[in-house]
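An overview of the molecular structure
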Amino acid sequence: DSAFPPVRKELIAVLSRSHGTHAYAKWSGAFWRLISLVDLGVRPGDPGAVAAAGETLDWVASPRRLAEIHKRRIGGRVRRCASQDGRALQASLDVGLRGDPRLDTIAESLVETQWPDGGWNCDRHRECTHSSFNESWGPILGLARYGATEAAERGAEFLLEHRVAFSHRTGEPAHPVMLKLHFPAYWHYDLLAGLRTLAASVGLSDERANDALDLLEEKRRSDGTWRTEGKWWKRPGSSGSNVEVVD
């Protein structure tokens, strides 16, 4: 739209082009392009974004894929990469696909496999009974956007019990990388992803979010902006994995 800076408009145009690979191919597949388009504020109904969402949902909501996921029950818990389903749910709603029955399928699957502490995890070790930050923030975003309020609030409580990015046992940062700001986040969790998730689900008024908010404010530059402190991607044309389609 006219209000977008030219650079953002150019990024949206590139991300909306044909994908030509598996939806989850990092970072060129339709799934990742859809996530980036939504993060950049693409207009609902944008043809490129809708096409990416359709391709993403064909994969994420596939009966065969979901059947395999629900078989991965170890120690009474389904072990799944729930970030895939959660971000797909959230982004598809954001581009205007509410009412698509595939979204109901994804939401129901996420609620059914939510762990007792409110999150999700893909760890297949039986002794693992603690949810994963990386696998939980996406489902919370998706379920909140979908309207599964109770499940989203349970997930948000998991983040709040950890003061967004801190160990509930020691009070220390859960991992140093979580205190750094990244964009795009993709499936990775950090301070900003946690605050964003809380803002979209239960809000930021809970005092347990204060330490993370204070840290975010400390990172603000004198001109009122923030800078990224790390990235999970490589420039187009780079070798290896995690190569982006835009710089």
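Presented here is a report on the structure given in the accompanying data block.

So, how was this worked out
Residues numbered from 1 in each chain as written. Predicted model: local features only at pLDDT ≥ 70, side-chain atom pairs only at ≥ 80, totals over all residues. Heavy atoms only, no water. Axes fitted to C-alpha atoms, helices over the stretch in contact; angles between N-to-C directions. Helix = DSSP H or I, 4+ residues; strand = E, 2+ residues; numbered from the N terminus. Parallel < 35°, antiparallel > 145°, perpendicular 65-115°, else oblique. Left-handed = near helix turned anticlockwise from the far one by under 90°. Contact = heavy atoms within 4.5 Å. Nonpolar A, V, L, I, M, F, W, Y, C, P; charged D, E, K, R; others polar. Buried < 20%, exposed > 50% of the residue type's maximum accessible area, 1.4 Å probe, protein only. Expected span 1.5 Å × (residues − 1). Core = buried A, V, L, I, M, F, W, Y, C linked by side-chain atoms within 4.5 Å.

On to the packing of helix α8 (residues 149-161) against helix α9 (residues 191-201), then. Geometrically, a packed helix pair is captured by the angle between its two axes and the distance between the axes. Relative to each other, α8 and α9 sit at 140 degrees, their axes nearing to 10 Å. The angle between α8 and α9 falls in the class oblique. α9 is crossed by α8, and the crossing has left-handed handedness. Residue-level contacts link Ala-156, Leu-159 and Leu-160 of α8 to Gly-194, Thr-197, Leu-198 and Ser-201 of α9. Class assignment of the residues belonging to the contact of α8 with α9 gives a composition of four nonpolar, three polar and no charged.

Relative to the elements of secondary structure, Ala-107 occurs in helix α6 (residues 101-112). According to the relative accessible area criterion, Ala-107 is buried, its value standing at 3%. Residues Ala-107 and Ala-67, 40 residues apart in the sequence, show an inter-C-alpha distance of 14 Å.

Our next topic: helix α5 (residues 82-94). When the terminal C-alpha atoms of α5 are compared, their 18 Å separation across 13 residues agrees well with the 18 Å that a helix rising 1.5 Å per residue should span. Among the 13 residues in α5, 12 count as buried, and that is most of the element. Among all positions of α5, only Ala-82, Ser-83, Gln-84, Asp-85, Gly-86, Arg-87, Ala-88, Leu-89, Gln-90, Ala-91, Ser-92 and Leu-93 are buried. Elements in contact with the buried residues of α5: α2 (30-39), α3 (47-60), α4 (63-71), α6, α7 (133-146) and α9. Looking one or two places after α5, you find Gly-96, whose phi comes out positive at around 105 degrees.

Assignment of secondary structure puts Gly-224 in the segment after α10 (210-218). In this structure Gly-224 comes out as partly exposed when scored by relative accessible area, which is 24%. The sequence separation of Gly-224 and Arg-64 amounts to 160 residues, and the corresponding C-alpha distance is 48 Å.

Two elements in contact, α6 and α7, have axes whose closest approach is 11 Å; the angle formed by their N-to-C orientations is 125 degrees. Viewed along their axes, α6 and α7 adopt a mutual orientation that is oblique. Here α6 runs over α7; the crossing is left-handed. Contact residues: α6 offers Leu-103, Asp-104, Ala-107, Leu-110 and Val-111, while α7 offers Pro-139, Leu-143 and Tyr-146. When the residues that make up the contact of α6 with α7 are grouped by side-chain class, the tally is seven nonpolar, no polar and one charged.

Here Lys-26 and Trp-27 are connected by a cis peptide whose omega angle stands at -5 degrees. Tracing the backbone through its elements, the reader meets Trp-27 in the loop between α1 (6-15) and α2. For the bond from Phe-183 to Pro-184, the omega torsion is -10 degrees, close enough to zero to count as cis. Counting through the fold element by element, Pro-184 comes out in the loop between α8 and α9.

The biggest cluster of nonpolar side chains holds 65 residues, and the ones touching the most others in it are Leu-89, Val-95, Leu-143 and Tyr-189. Considering each element in turn, this core owes the most residues, seven residues, to α2. Not counting the four nearest positions on each side in its chain, Val-95 is found in contact with Leu-34, Val-38, Val-42, Pro-44, Gly-45, Ala-49, Val-50 and Ala-53.

Between its terminal C-alpha atoms α8 stretches 18 Å, which fits the 18 Å expected from 13 residues at 1.5 Å a residue. Three or more residues of α8 are buried, namely Ala-151, Ala-152, Gly-155, Ala-156, Phe-158, Leu-159 and Leu-160. Considering only its buried residues, α8 is in contact with α6, α7 and α9. Just downstream of α8 lies Arg-163, where phi reads positive at about 50 degrees.

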